[in-house]
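The residues making up each chain are set out below.
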Amino acid sequence: MYQSRPEATIRQVAADPGINPETLRNWVRAADASRPRGRGAETPAEPPTRLEAENAALRKKVRELEEEREILRKAAKYFAGGRAGEPLPVRRRSPVLDSSNGVHVSAS
């Protein structure tokens, strides 16, 4: 903000958002110190390297997997009847009668 208004003083710019002028002065100095100087200061950004491109692709995949996991969590909670953290009820099958000989057979 200060550098976008070259005619304004630090005191005037600091008064606008209500901050201490010395605080703004320190921020401006810190920003100037971190800014590159010399011939290479205004070079355009280089295209991403192979590792940067791979990192970007992996971050995208992580976001997709996290989204899928959240969807599955919500689905599991829905199908569990909204009882988050509780185990699903176990349904026991009743024995099956083998009609050929009248013997109970366990359905497993």
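Residue numbers restart at each chain and count upward from 1, following the sequence in its written direction. Owing to the predicted nature of the model, reporting of local features is limited to residues with pLDDT of at least 70; listing and counting of side-chain atom pairs is limited to 80 or more, with chain, interface and lining totals taken over all residues. Side-chain descriptors were evaluated using all non-hydrogen atoms of the structure, hydrogens and water having been removed beforehand.

A. Main features of the overall build of the protein chain. Helix and strand definitions here come from DSSP, where helices need a minimum of 4 consecutive H or I residues and strands a minimum of 2 consecutive E residues; each element is numbered from the N-terminal end. Assigned secondary structure in the protein chain consists of three helices and two strands. Listed N to C, the secondary structure of the protein chain is α-α-α-β-β in terms of helices and strands. Pairs of residues are marked as contacts when any of their non-hydrogen atoms sit within 4.5 Å. Pairs at least 24 apart in sequence give 11% of the contacts found in the protein chain among residues at least 6 apart. The method behind every accessible area is Shrake-Rupley, applied with a 1.4 Å probe, and residues are considered shielded solely by the protein chains displayed. Just so you have it, the protein chain exposes about 10000 Å², and 54% of that area is on carbon and sulfur atoms.

B. Focus on helix 3 (residues 50-79). Between the first and last residue of a helix there are one fewer steps than residues, each counted as 1.5 Å, and that sum is the expected span. Taking 1.5 Å per residue as the helical rise, helix 3 with its 30 residues ought to reach 44 Å, and the 43 Å between its terminal C-alpha atoms agrees with that figure. Where helix 3 ends, the next residue or the one after it, Gly-81, has phi of about 80°, a positive value.

C. Highlighting the packing of aromatic side chains. Pairing of aromatic rings covers Phe, Tyr and Trp, the last counted by its six-membered ring, and requires centre-to-centre distances within 6.5 Å; plane angles under 30 degrees mean stacked, over 60 mean edge-to-face, and any other angle means tilted. Following the criterion strictly, the structure yields one aromatic pair and no others. The interplanar angle of 80° and the centroid separation of 5.1 Å between the aromatic rings of Tyr-78 and Phe-79 together place this pair among those described as edge-to-face.

D. Summary view of the nonpolar core. Here, the term nonpolar core denotes a set of buried Ala, Val, Leu, Ile, Met, Phe, Trp, Tyr and Cys residues that are joined through side-chain atoms within 4.5 Å. Only protein chains enter the accessibility calculation, which uses a 1.4 Å probe; a residue whose area is less than 20% of its type maximum is buried, one above 50% is exposed, and one in between is partly exposed. Ranked by size, the top nonpolar core spans six residues in total: Ala-8, Ile-10, Val-13, Ala-14, Leu-24 and Val-28. At the level of elements, helix 1 (10-15) and helix 2 (21-34) are the ones that each hand at least two residues to this core. Looking at this core, the element that brings in the most residues is helix 1, giving three residues.

E. Layout of the pattern of salt bridges. Take a side-chain nitrogen of Lys or Arg and a carboxyl oxygen of Asp or Glu: if they are within 4 Å of each other, that pair is a salt bridge. For the coordinates displayed, the defined rule picks out three salt bridges. Between Glu-22 and Arg-25 there is a salt bridge, with its nearest N and O atoms 2.3 Å apart. With Glu-22 and Arg-25 both in helix 2 and three residues apart, the pair spans about one turn of that helix. What makes Arg-25 partly exposed here is its relative accessible area of 24%. In this structure, Glu-70 engages Arg-73 in a salt bridge whose closest nitrogen and oxygen atoms are separated by 3.7 Å. Of the two residues, Glu-70 and Arg-73 are both situated in helix 3; the distance of three residues between them amounts to about one turn of the helix.

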